[in-house]
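Here is what each chain is made of, one letter per residue.
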Amino acid sequence: MRGGLIFRVAAALCLFGASSAARAQDEDTQLWVYGVAATDLGEDTRLTIDATARWREEQRGDEQHTVRATVMHQIAEGVRIGGGGGVFETEGGRTELRPHQQMSLRTGRFSARTRFEQRFFDGADRMELRIRQMVRYAQPISYTFSLSLDGEYLGLVQTRERGGTRPRDQWRARAIVSADVSDDLTLGAGYLMVVTPQEGTADQIAHVPQLYLTLDF
């Protein structure tokens, strides 16, 4: 039963990727490396700090380094709310400040997260507002290894330019295999596909191998 469910989820992700790739010609490859540290601030409160290095082509935004902190508090069984903020530095000295608020729900191996982001860019007319909705399924493979599959929708509610063009939505699909090296250290490797639909032209698709190092202390 579990194997059948994993197969169906994986097949859906593959079909999504294949159909998108068939329509698109504007593709690139990136590499994102994550470092994550998490700790409990109390019985029901948890702090997570993540930093990334993202190698991207110049036309895709150029190389970027990020650091973000999030505090989540459990208000009921399987329900957490919280928020935080991050700094995103892009090659050439461009800076984005990004506060966020979010809620997460978990039942069994399924989880969902809703996040609201306020994005402040250097030289922008105004704050950009974005909503992100993610659904994830996690499956243990063995005592050490686990697999997670997730899909996420990102939608712009308000653009950073006044009178700007129609907001661009984005879709993401990801698979990650993780290994518990010790009680406190987890290593992971994954693949992320980012699809940005375009009007009147080919969709933009990014293929993003990802590496993770997570420390729980």
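Here, the structure is the one placed above.
Here's what I pulled together on the structure shown here.

Digging into the pattern of salt bridges
Side-chain pairs of opposite charge can arise where the charged atoms are in close proximity.
Alright, step 1. On inspection of all chains with the given rule, the structure shows 15 salt bridges.
Alright, step 2. In this structure, Asp-40 engages Arg-46 in a salt bridge whose closest nitrogen and oxygen atoms are separated by 2.7 Å.
Alright, step 3. Note on Arg-46: relative accessible area 22%, which makes it partly exposed.
Alright, step 4. The salt bridge partner of Arg-119 is Glu-96, with a shortest N-O separation of 2.7 Å. Taken together, the residues span a long stretch of sequence, with Arg-119 in strand E7 (residues 110-121) and Glu-96 in strand E6 (residues 94-107) at a distance of 23 residues. As far as burial versus exposure is concerned, Arg-119 and Glu-96 are alike and both buried.
Alright, step 5. A single salt-bridge network, built from bridges that share partners, covers Glu-96, Arg-98, Arg-113, Arg-115, Glu-117, Arg-119, Glu-128, Arg-130, Arg-132, Glu-152 and Arg-160.

Some thoughts on the environment of Arg-132
Alright, step 1. Along the chain, Arg-132 turns up in strand E8 (residues 128-140).
Alright, step 2. Looking at Arg-132, its side chain comes within polar contact range of the side chain of Glu-152, at 2.8 Å.

Considering the packing of aromatic side chains
Alright, step 1. What the rule picks out here adds up to three aromatic pairs.
Alright, step 2. Here Tyr-34 and Tyr-212 contribute two aromatic rings whose centre-to-centre distance is 4.7 Å and whose plane-to-plane angle is 10 degrees, an arrangement assigned as stacked. In this pair, Tyr-34 is assigned in strand E2 (residues 31-40) and Tyr-212 in strand E12 (residues 204-216), connecting sequence segments 178 residues apart. Considered together, Tyr-34 and Tyr-212 belong to a single accessibility category, that of buried residues.
Alright, step 3. Here Tyr-153 and Trp-171 contribute two aromatic rings whose centre-to-centre distance is 4.8 Å and whose plane-to-plane angle is 50 degrees, an arrangement assigned as tilted. Here the residue Tyr-153 occupies a position in strand E9 (residues 145-158), and Trp-171 occupies one in strand E10 (residues 170-180), the gap between them amounting to 18 residues.
Alright, step 4. Between the NZ or CZ atom of Arg-54 and the centre of the ring of Trp-32, over which it lies, the distance is 4.2 Å.
Alright, step 5. Lying over the aromatic face of Phe-88, Arg-98 brings its terminal NZ or CZ to 3.8 Å of the ring centre.

Considerations on the nonpolar core
Alright, step 1. Trp-32, Tyr-34, Val-36, Ile-176, Leu-192, Val-194, Ala-206, Val-208 and Tyr-212 together form the largest nonpolar core, which totals nine residues.
Alright, step 2. Elements represented by at least two residues in this core include exactly E2, strand E11 (185-196) and E12.
Alright, step 3. With near-sequence residues (within four places) excluded, Ile-176 lies in contact with Ser-146, Leu-147, Ser-148, Ala-189, Gly-190 and Tyr-212.

Parameters and conventions
- Residues numbered from 1 in each chain as written.
- Predicted model: local features only at pLDDT ≥ 70, side-chain atom pairs only at ≥ 80, totals over all residues.
- Heavy atoms only, no water.
- Salt bridge = Lys/Arg side-chain N within 4 Å of Asp/Glu carboxyl O.
- Buried < 20%, exposed > 50% of the residue type's maximum accessible area, 1.4 Å probe, protein only.
- Helix = DSSP H or I, 4+ residues; strand = E, 2+ residues; numbered from the N terminus.
- Polar contact = N/O pair within 3.5 Å; in protein donor to acceptor, adjacent residues only side chain to side chain.
- Phe/Tyr/Trp six-rings, centres within 6.5 Å; stacked < 30°, edge-to-face > 60°.
- Lys NZ or Arg CZ within 6 Å of the ring centre and 35° of its normal.
- Core = buried A, V, L, I, M, F, W, Y, C linked by side-chain atoms within 4.5 Å.
- Contact = heavy atoms within 4.5 Å.

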